[in-house]
Amino acid sequence: MEIEDLQSLLKRGLTPAGRVLALRREHARLSGERGQTVAAIARNRGQILQISTELDRQDTTRRREIVTELREMTARAAELKERRQRSKTASHG
């Protein structure tokens, strides 16, 4: 039964006051628990967002590092290829 129904029965003397008070206490407890759960969910969502943002930042940083390293390696490979070509030309010439 709902609190209002029990309150009505209490007014008519058809239910003990202790039952109504126990139901009110349980309702208050559950409301508080619900509030704590909602707050915990909000905190967890905030943490998830922070972690996701940090992972995105790290991913972007790593991609930039890889692109830079690849460019440097490509330039170095081209330089070595050119040196090898000059060396072959010099040894045949």
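Here the structure is a predicted model, which means the values were calculated and not measured.

(A) Structural context of the overall build of the chain. Along its length, the chain carries two helices and zero strands. Against the globule reference of 12 Å for 93 residues, the chain gives a C-alpha radius of gyration of 37 Å, more extended than a compact globule. Each principal axis of the C-alpha atoms in the chain carries an extent, and together these give about 120 × 15 × 15 Å. Here the chain displays about 8300 Å² of accessible surface, and carbon together with sulfur accounts for 56% of that area. Charge separation in the chain, taken as the distance between the mean sites of 20 positive and 13 negative side-chain charges, equals 2 Å.

(B) Just the packing of helix α1 (residues 3-11) against helix α2 (residues 17-92), in detail. Look at α1 against α2: their axes get within 9 Å of each other, and the N-to-C directions meet at 160°. Judged on the interaxial angle alone, α2 and α1 are roughly antiparallel. Crossing of α1 against α2: the hand is left-handed. Contacts from Ile 3, Leu 6, Gln 7 and Leu 10 of α1 reach α2 at Ala 17, Arg 19, Val 20, Leu 23, Arg 24 and His 27. Class assignment for the residues of the contact of α1 with α2 results in six nonpolar, two polar and two charged.

(C) Representation of the environment of Glu 26 within the structure. In this fold, Glu 26 is placed in helix α2. By relative accessible area, Glu 26 is classed as partly exposed at 33%. Separated by 15 residues in sequence, Glu 26 and Ile 41 place their C-alpha atoms 22 Å apart.

Scoring rules and cut-offs
Residues numbered from 1 in each chain as written. Predicted model: local features only at pLDDT ≥ 70, side-chain atom pairs only at ≥ 80, totals over all residues. Heavy atoms only, no water. Helix = DSSP H or I, 4+ residues; strand = E, 2+ residues; numbered from the N terminus. Rg over C-alpha atoms; globule rule 2.2 N^0.38 Å. Areas by Shrake-Rupley, 256 points an atom, 1.4 Å probe, with all protein chains shown as cover. Lys, Arg positive; Asp, Glu negative; His and termini not counted. Charge placed at Lys NZ, Arg CZ, Asp CG, Glu CD. Axes fitted to C-alpha atoms, helices over the stretch in contact; angles between N-to-C directions. Parallel < 35°, antiparallel > 145°, perpendicular 65-115°, else oblique. Left-handed = near helix turned anticlockwise from the far one by under 90°. Contact = heavy atoms within 4.5 Å. Nonpolar A, V, L, I, M, F, W, Y, C, P; charged D, E, K, R; others polar. Buried < 20%, exposed > 50% of the residue type's maximum accessible area, 1.4 Å probe, protein only.

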